[in-house]
Every structure is written in C-alpha cells, then in structure tokens.
Amino acid sequence: MAPNTERTFISIKPDGVQQGIVGDIIKQFEQKCFHLVAMKFLHASEELLKQHYTDLKDRPFYPGLVKYMNSGPIVAMVWEVLRVVKTGRLMLGETNPADTKPGTIHGDFCIRVGRNIIHGSDSVESAQKEINL
C-alpha cells in the first residue's frame, strides 16, 4: 500500500448482481481513480454473513438481512486510495434511497432500503475487519 492510502471493502449485493449493474458500479469507482486491489464473485455462506453483520445482530431486521444477502451471489471488492473510506461512502450516498441525491449509487440505482444494491465500509477499522473476512 502506498503511503497515506487506505483500503475499503465494497460489496455489490445480490440485487445489484441480479440487475446486471456490476460493471456500471465498478466503472464509477474506477473513474474516481480508486485502485481495485482485490475482487471476488461469491455466494456468501450464512456463517460468513453472520460474522460480517455481527454488529447488527440485535437489530430486528438482522435475520432478514442475512437471508437476503444469502439469496444470491455478491461481488466483494477491496479498493485503495487516499481517504477511500470517506470518499466511497459519499459515492454510495445515504442508505435510504429516498434521502440521498441523484449522482450517488443509492440515488441512481436503488428504490428501497432493504434492497439497496451495495455495501461500503463505514470506517477504516470496519474496512479492515470486513477485508479480513
């Protein structure tokens, strides 16, 4: 990793894969000059998803989230550049598509919270945990 850079974990969720917009999303990160350092297409196991979302296990939507994320393949990616976590989150937009602006991934591609196409790490610490998984 180059000096002053950081890494983030971005995953395209099953609905994003199903809609066929993986290339469109990757293109946005490439156009922002993010460096793709790892990518994997996989069907995440329930056990892996429970580890990934362990911080949400007490939330009422947790069982549905795990089921949804296990419903199809995802694209897991690691991106690297200066301030990548913050910039990546800005590119994603607000989690609720109704609250976000056009030009963000959620604003352009999503219509509801429970099926919001993409996940991005919210801190350098969570990015490291998610990348390790």
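My aim in this report is to walk through the structure given alongside it, one point at a time. On a predicted model such as this, the values are computed, not experimentally measured, just so you know.

1. Observations concerning the nonpolar core
Thought 1: Core analysis: the largest hydrophobic core is formed by 21 residues, its most contacted members being I10, I25, F29, F34, M77, W79 and I118.
Thought 2: Those elements that place two or more of their residues in this core are β1 (6–12), α2 (22–31), β3 (74–81) and α5 (84–92).
Thought 3: In this structure I10 touches F29, V75, A76, M77, W79, L92, I118, H119 and G120, once residues within four positions along its chain are discounted.
Thought 4: Judged by nonpolar contacts, the second largest core, of 13 residues, contains F9, A44, L56 and A76.

2. Comments concerning the side chain of D15
Thought 1: Relative to the elements of secondary structure, D15 occurs in helix α1 (residues 14–19).
Thought 2: Buried within the structure, D15 lacks any salt-bridge partner; R115 is the closest side chain of opposite charge, at an N-O distance of 5.9 Å.
Thought 3: A distance of 3.2 Å separates the side chain of D15 from the backbone nitrogen of I117, its partner in a polar contact.

3. Observations concerning helix α7 (residues 124–132)
Thought 1: Among all positions in α7, only S126, A127 and E130 are buried. Projection of α7 onto a plane perpendicular to its axis shows the buried side chains occupying an angular sector of 105 degrees, all on one side. For α7, the exposed residues lying more than 90 degrees away from the buried face are E125 and N132.
Thought 2: Tucked into the core, α7 has its buried residues touching β1, α3 (46–52), α5 and β4 (118–120).

4. Considerations on the packing of aromatic side chains
Thought 1: Enumeration over the complete set of coordinates arrives at three aromatic pairs.
Thought 2: Seen from their ring centres, F29 and F34 are 5.4 Å apart, and the 40 degrees between their planes marks the pair as tilted.
Thought 3: Relative accessible area serves as the criterion here: at 6%, F34 is assigned to the buried category.
Thought 4: One aromatic cluster is present, formed by F29, F34 and W79 through successive ring pairs.

5. Description of the pairing of β1
Thought 1: The element β1 is largely enclosed, with a buried count of six among its seven residues.
Thought 2: Pairing between β1 and β4: three bridges, direction antiparallel. If you follow I12 over to β4, its bridge partner there is I118.

What counts, and at which threshold
Residues numbered from 1 in each chain as written. Predicted model: local features only at pLDDT ≥ 70, side-chain atom pairs only at ≥ 80, totals over all residues. Heavy atoms only, no water. Core = buried A, V, L, I, M, F, W, Y, C linked by side-chain atoms within 4.5 Å. Buried < 20%, exposed > 50% of the residue type's maximum accessible area, 1.4 Å probe, protein only. Helix = DSSP H or I, 4+ residues; strand = E, 2+ residues; numbered from the N terminus. Contact = heavy atoms within 4.5 Å. Lys, Arg positive; Asp, Glu negative; His and termini not counted. Salt bridge = Lys/Arg side-chain N within 4 Å of Asp/Glu carboxyl O. Polar contact = N/O pair within 3.5 Å; in protein donor to acceptor, adjacent residues only side chain to side chain. Arc of directions from axis to C-beta. Phe/Tyr/Trp six-rings, centres within 6.5 Å; stacked < 30°, edge-to-face > 60°. Pairing = 2+ DSSP bridges.

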